[in-house]
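The lines below spell out each chain.
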Amino acid sequence: KDVKIRMQLPKIGTENQYFTGTGDLLTAMTLAQLDKYPDDFPKAIETAVNIVRAVLRKTVESPL
């Protein structure tokens, strides 16, 4: 069965901001959410993306 998921997300940060490790974080969160929601792939992906976005927002809001 093919599953298509479409999400529209506003950009986080400024045009010149660069984040590293987001792919690694998304992968880890996706695996964790798939363990939590093994029969609901869209829910797992949505939750994983929301976690990554929350981390990025927190990063932008917390200056070093």
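Everything below is about the structure shown above.
None of these values were measured; they are calculated from a predicted model.

**Notes on the overall build of the protein chain**
If you tally the helices and strands in the protein chain, you get 2 helices and 0 strands. Among the 64 residues that make up the protein chain, the fraction classed as buried is 17%. A fraction of 59% describes how many contacts in the protein chain between residues 6 or more apart in sequence connect residues 24 or more apart. Looking at the protein chain as shown, the accessible area adds up to about 5400 Å², and 53% of this sits on carbon and sulfur atoms. Across the protein chain, 9 positive and 8 negative side-chain charges occur, with their mean positions spaced 6 Å apart.

**Some words on the environment of Pro-38**
With respect to the helices and strands, the residue Pro-38 is situated in the loop between helix 1 (22-36) and helix 2 (41-61). Considering only alpha carbons, one finds Pro-38 and Asn-16, 22 residues apart in sequence, at a separation of 37 Å.

**Things to note about the side chain of Thr-30**
Tracing the backbone shows Thr-30 in helix 1. For Thr-30, the residues in contact, after removing those within four places along its chain, are Ile-45 and Ala-48.

**Considerations on helix 2**
Taking 1.5 Å of rise per residue, the 21 residues of helix 2 would be expected to cover 30 Å, and the 30 Å separating its terminal C-alpha atoms lies within 8% of that figure. Turning to helix 2, its buried residues number three or more, namely Ala-44, Ile-45, Thr-47, Ala-48, Val-49, Val-52, Arg-53 and Leu-56. Against helix 1 lie the buried residues of helix 2.

Conventions we followed
Residues numbered from 1 in each chain as written. Predicted model: local features only at pLDDT ≥ 70, side-chain atom pairs only at ≥ 80, totals over all residues. Heavy atoms only, no water. Helix = DSSP H or I, 4+ residues; strand = E, 2+ residues; numbered from the N terminus. Buried < 20%, exposed > 50% of the residue type's maximum accessible area, 1.4 Å probe, protein only. Contact = heavy atoms within 4.5 Å. Areas by Shrake-Rupley, 256 points an atom, 1.4 Å probe, with all protein chains shown as cover. Lys, Arg positive; Asp, Glu negative; His and termini not counted. Charge placed at Lys NZ, Arg CZ, Asp CG, Glu CD. Expected span 1.5 Å × (residues − 1).

By themselves these figures say nothing about function.
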